[in-house]
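# Architecture and fold: a report
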Amino acid sequence: MDSATLEVLEFNKVLEALAGFAVTERGVELVYALRPVDERAFIEEAFSRFTEAASYQEVSGRFPLADTHDIRPLLLRPFPEGAYIPGEELLLLRDNLTVAGRLKVLAGTHFVRSYPRLSPLFKGLSESSQLRDKLTRTIDDKGLILDNASSELRRIRSKLRSSKTRIRELLTGLIQDPDSKEAIQDDIITIRDDRFVLSLVAGKHSDIPGVIHGRSGSGATFFVEPMELVALNNSLSILKKEERAEERKILKEVTLQVLESREELLGDLELIASIDVIAAKVAFAAKTRAIVPEVGAGGEIKFSRARHPLLVLKELGGGSPVVPVDIRVGPETRVVVISGANTGGKTVALKTLGLLTLMALSGLPVTAGQGSRAVIFDSVFADVGDRQDIGASLSTFSAHVRRITLFLKEAGTASLVLIDEIGAGTDPSEAEALGLAVLERLKKAGALSVVTTHLNLIKAHGAVNPAYENVSVEFDEATLAPRYRLVYGVPGPSLGINIAGSLGLPKELIDEARSYIKGGEGAFVESIRAIEAEKERLRETNESLALLASRRSAELKRLREKREALIKSAKKRIKSIVDEARAEVARMRREYEEALREAKKSGTAGSTERPGVNRAASTSIAKAGEKYLGKFAHKEKAPLNTRLPFEGERVRLAGSRTKGLVKRVDKTGRKAELLMGSLTVWVDVKKLELSGTREKKDQSYAHVELKTDSGVPESGGEVGARLNIIGLRYEEAVKELTRFIDNAHLQGLNVVEVIHGMGTGALKTAVAEHLSAIVEVKSFGPGPPEGGGAGVTVVYLK
């Protein structure tokens, strides 16, 4: 990636923030070494490990990485023959081995199964338990060699302790001797030249024969080794030399073992640091509410509710709240033109897009909402901010052109080019022409360009070229306050004069400035303002419609739940009645069998008596049947009609205000086909209230075949209803389609069909566009060849 791009987009500042969450020195280095890549497998592997680490740490806490040291300087220095590693440095190695051991223990069967992408880092740690145990037996927590490091060292140190005890006893006796009392300066045992001595008063020091090892600075005290201690001190010195020799021997042995495991120790450090980087990403994401985006080669760029990460960190430090923006670039778009007022957020949106892309390609979670998607680029170029260089004699425009020259030379089909204020620093008319030529050249090279501008020619070109998309930053012209929201499909006015007025320029000067904007330039500005106003009204309308749709969906859900509850209650009641009936039948059967047994006992069970018993049982069962069937029965109302309805007669459904027109009556005379608005349904003749009048007005209706309980079969498999809109105008078709889908959804149908025919395809396109906007529609597509093919649209409802 272009290093200047990383600089101007402040990628290193993001890494600096991330490094603050790492706990190891080597981990911090690896964080700063992170760079964007164009390998999808690498990016997905990084995000998979991040996701698994976040899942683990949410349950079990952060990985135990404390006490990890950078041991590279220690292990990579030369070791000539006889060299050894001091105890305090061996302590660093022991700490690292302890951390590696803890992490290795985590990689059990459950861990490997639950975190398959993360576990190789843990399983890759070396099996260095022998070296760790050796170091534990050799040095203590201060790096000092333990007595038990060897049997010889234990023997020497035991003799040393005995010798020191005998010396202290002898000195204590001399200090307490009354004959020596006047000569003793201090009753504290002192060491001079690594030998035990007495502090004697000057002038009296010859009272105790011995070797003088020095005199105090004041001259008042002589340090004398009594003659009785010379042999013991000599023995002590010899033992100390033997101790040091044995310690060096032990350290050399341990050093050889360390050097044999040098590669494993360095490898463990890298694995621990890699785990540290992943844990730092998790902590960073938790702090900034960052997420893992989808990543793909090509396609749509989408950062929902995107926030510039550095502004997020500033907010966490007590700064102003960050206003999120929705950034999206369609797969067919090659140039995005962001325009609008100064201070409206154009540059922040541009830098947010660039920085989040770099983060995603580096395997870093991005500060955006769920559902975000980043596109893989093999190069990202950015020219943002004033790159004037006085030392190099470069003006703002010259520096701008130099950067663009690099972009034109190196950008290709997988490049993202970000240019802030394209053409800035020169005559506006020339800047427009030059800027548009640059964008066209980058488009031909296949690059995706995103620019900010105040140049109207580029905005106008973006409005007519399908490869361009105009995006404006919303600005409240009444309060002159930015809303930090992107509006797609509309260029934005610069509002420079208005903003200048709000910053204190005199009103008469502002009015004079407005008078200079004439002709097409002024008309263009006014047209942008009118489009923005219409866009705002459309946005408010869409929000209201979305709210209504949400409420309607909630009400439909409530009605369906109520219906399911009623069905459940009915099933429960039916089961109760059936169970009760079964129990009643079982009781009567027992009584019948008991009656037979009694008849046999009394000798009256002959053929003449059995019919009576059977008749009694049959009568009981019949009465029970009538009793339970009565619980399901409905009271029959007196018939409404004494004749059949005739074709074209206006009728009303009994007990409702629903009216319809009779199309025909079936052969049995029990069912009538009614046309009610856009619906055609079969209804029981007994449920109709006849008017005796005929519909005279010639009306055109869309035809619907609806599955009902009438017994009239629907045509076509699992389809619950069909709407025929062939011959209708666009407005009529959309109106009938909306009503049809609403009714079908209310009746709980899952699949319906819309018959629109082939024709010019306009009606089919209108149906597809309208179905896409209906929340109750799950999906739709063309019908099967045998069912009308492209002339029919099959709709699946939620």
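Residues numbered from 1 in each chain as written. Predicted model: local features only at pLDDT ≥ 70, side-chain atom pairs only at ≥ 80, totals over all residues. Heavy atoms only, no water.

## A short note on the overall build of the chain
As a reminder of what qualifies: Labels follow the DSSP assignment, with helices taken as runs of H or I lasting at least four residues and strands as runs of E lasting at least two, numbered in each case from the N terminus. Each residue's exposure class comes from its accessible area (1.4 Å probe, protein chains only) as a fraction of the maximum for that residue type: buried when under 20%, exposed when over 50%, partly exposed otherwise. Should any heavy atoms of two residues lie within 4.5 Å, those residues are counted as being in contact.
Counting secondary structure elements, the chain contains 23 helices and 24 strands. For the chain, with 798 residues in total, the buried portion stands at 41%. Put simply, of all contacts in the chain between residues at least 6 apart along the chain, 68% involve residues at least 24 apart.

## Some remarks on the packing of helix H11 (residues 227-260) against helix H12 (residues 262-288)
For the record, the criterion: Orientation is described by axes fitted as lines to C-alpha atoms, over the contacting stretch for helices, and by angles from 0 to 180 degrees between their N-to-C directions. Throughout, the term roughly parallel applies to angles under 35 degrees, roughly antiparallel to angles over 145, roughly perpendicular to angles from 65 to 115, and oblique to all others. Residue polarity follows a fixed list, in which Ala, Val, Leu, Ile, Met, Phe, Trp, Tyr, Cys and Pro are nonpolar, Asp, Glu, Lys and Arg are charged, and the others, Gly among them, are polar.
Where H11 meets H12, the closest approach of the two axes is 4 Å, and the angle between their N-to-C directions is 60°. Considered as vectors, H11 and H12 are oriented oblique to each other. Residues Val258, Leu259 and Glu260 of H11 touch H12, and the partners they reach there are Arg262, Glu264 and Leu265. Taken together, the residues of the contact of H11 with H12 break down into three nonpolar, no polar and three charged.

## Observations concerning the nonpolar core
Convention followed: Grouping buried Ala, Val, Leu, Ile, Met, Phe, Trp, Tyr and Cys residues that are joined through side-chain atoms within 4.5 Å yields what is termed a nonpolar core.
By size, the foremost hydrophobic cluster in this structure holds 52 residues, and its most contacted members are Phe303 and Met359. No other element matches helix H14 (residues 346-361), which puts eight residues into this core. Among residues more than four places away in sequence, those in contact with Phe303 are Val325, Asp326, Ile327, Leu353, Leu356, Thr357, Val366, Ala368, Ser372, Arg373 and Ala374. Core analysis: the second largest hydrophobic core is formed by 23 residues, Ala53, Ala100, Leu121 and Leu271 among them.

## Considering the pattern of salt bridges
Stated precisely, the cut-off is as follows: Only one rule defines a salt bridge in this text: a Lys or Arg side-chain nitrogen within 4 Å of an Asp or Glu carboxyl oxygen.
Following the criterion strictly, the structure yields 34 salt bridges and no others. Ionic pairing is found between Glu247 and Arg157, a salt bridge with its closest N-O pair at 2.5 Å. Of this pair, Glu247 sits in helix H11 while Arg157 sits in helix H10 (residues 151-176); the two residues are 90 residues apart in sequence, bridging distant segments of the chain. One salt bridge connects Glu594 with Arg597, and the closest N-O pair in it is separated by 2.6 Å. Linking Glu594 with Arg597, this pair stays in helix H20 (residues 519-601), spanning three residues, or about one helical turn. One salt-bridge network, held together by shared partners, links Arg26, Glu29, Asp70, Arg72 and Glu270.

## Things to note about the environment of Lys663
With respect to the helices and strands, Lys663 occurs in strand S16 (residues 659-665). Of the residues examined, Lys663 reaches a relative accessible area of 31% and is grouped as partly exposed. Distance from Lys663 to Pro645, taken between C-alpha atoms, is 9.7 Å for residues 18 residues apart in sequence.

## Digging into the packing of helix H6 (residues 87-106) against H12
Rules: For a crossing to be left-handed, the near helix must be turned anticlockwise from the far one by less than a right angle; the clockwise case is right-handed.
Two elements in contact, H6 and H12, have axes whose closest approach is 10 Å; the angle formed by their N-to-C orientations is 60°. One finds that H6 runs oblique with respect to H12. Handedness of the H6/H12 crossing: left-handed. Seen from H6, the contacting residues are Leu93, Asn96, Leu97, Val99, Ala100 and Leu103; seen from H12, they are Leu265, Asp268, Leu269, Ile272 and Ile275. Among the residues forming the contact of H6 with H12, the class breakdown is nine nonpolar, one polar and one charged.

## As for the sheet that holds strand S4 (residues 221-226)
Keep this limit in mind: Paired strands, as defined in this entry, are two strands with at least two bridges between them according to DSSP.
Strands sit in the order S1-S2-S4-S3 across an open sheet of four strands; the sheet is antiparallel. In the strand order of this sheet, the two ends are held by strand S1 (184-192) and strand S3 (210-215), each with one partner. Strand-to-strand twist in this sheet, taken as the mean axis angle between neighbours without regard to direction, amounts to 35°. The pairing of S3 with S4 spans five bridges and is classified as antiparallel. Of the residues in S4, the one forming a bridge with Gly214 is Phe223. Packing against the sheet, H11 makes contact with strand S2 (195-201), S3 and S4, and its axis sits at approximately 75° to S4.

## Describing unusual backbone geometry
At Asp194, a residue that is not glycine, the phi angle is positive and equals roughly 65°. When you line up the elements, Asp194 lands in the loop between S1 and S2. By relative accessible area, Asp194 is classed as partly exposed at 41%. Although it is not a glycine, Arg305 sits at a positive phi angle of roughly 50°.

## Some thoughts on helix H3 (residues 25-32)
Inclusion rule: Read the arc as the range of directions from the helix axis to the C-beta atoms.
Where H3 is concerned, the buried positions are Arg26, Gly27, Leu30 and Val31. The buried residues of H3 occupy one face: seen down the axis, they fall within an arc of 145°. For H3, the elements touching its buried residues are helix H2 (11-19), helix H5 (72-76) and H12.

## Thoughts on a positive patch on the surface
Put simply, the test is: Like-charged residues are merged into a patch within 9 Å and nonpolar side chains (Val, Leu, Ile, Met, Phe, Trp, Tyr) within 5 Å, provided each residue has over 30% relative accessible area and no salt bridge. Areas reported here follow the Shrake-Rupley algorithm with a probe of radius 1.4 Å; residue values treat only the protein chains shown as occluding. None of His or the chain ends enter the tally, which takes Lys and Arg as positive and Asp and Glu as negative. By convention, the point assigned to a charge is CZ for Arg, NZ for Lys, CD for Glu and CG for Asp.
A grouping of Lys241, Arg244, Arg248 and Lys252 is seen on the molecular surface, where their side chains present a positively charged patch. Note that Arg248 resides in helix H11. By relative accessible area, which is 37% here, Arg248 ends up partly exposed.

## As for the side chain of Ser119
Of note, Ser119 is situated in helix H8 (residues 119-123). Judged by its relative accessible area of 3%, Ser119 falls in the buried class.

## Regarding the confidence of the model for the chain
In low-pLDDT regions, the fine details of the predicted coordinates are not to be read closely. Put simply, the rule is: As a per-residue measure, pLDDT tells how confident the predictor is, with possible values from 0 to 100.
Here the chain averages 83 in pLDDT, and 84% of its residues register 70 or above. Across residues 388-393, confidence stays below pLDDT 50; counting only partners more than four residues off in sequence or on other chains, it has five contacts. Taken together, the stretch residues 706-717 has pLDDT below 50 and engages in 18 contacts with residues farther than four places along the chain or on a different chain.

## Examining the pairing of S16
Looking at chain direction, strand S15 (residues 649-653) and S16 are connected through three bridges and run antiparallel. Counterpart to Val651 in the pairing with S16 is Gly660. Where S16 meets strand S17 (residues 671-676), four bridges bridge the pair, whose relative direction is antiparallel. Looking at the pairing, Val665 lines up with Ala672 of S17. Between S16 and S17, which pair antiparallel in sequence order, lie five residues; one of them, Gly669, sits at a positive phi of approximately 75°.

## Remarks on the packing of aromatic side chains
As a reminder of what qualifies: Centre distance within 6.5 Å is the pairing criterion for rings of Phe, Tyr and Trp, where only the six-membered ring of Trp is used; planes under 30 degrees apart are then read as stacked, over 60 as edge-to-face, and the remainder as tilted. By definition, being over a ring means that NZ of Lys or CZ of Arg is both within 6 Å of the ring centre and within 35 degrees of the ring normal.
A full pass over the atoms with the stated rule returns eight aromatic pairs. Where Tyr56 meets Phe111, the ring centres are 5.7 Å apart and the plane angle is 75°; that geometry is what we call edge-to-face. Taken together, the positions of Tyr56 in helix H4 (residues 40-60) and Phe111 in helix H7 (residues 109-114) put the pair 55 residues apart, joining distant regions of the chain. On the basis of relative accessibility, which here comes to 11%, the residue Tyr56 falls in the buried class. Following the ring pairs from residue to residue traces out a cluster consisting of Tyr56, Phe63, Phe111, Tyr115 and Phe122. Directly above the aromatic system of Tyr488 lies the positively charged group of Arg328, at a separation of 4.0 Å from the ring centroid.

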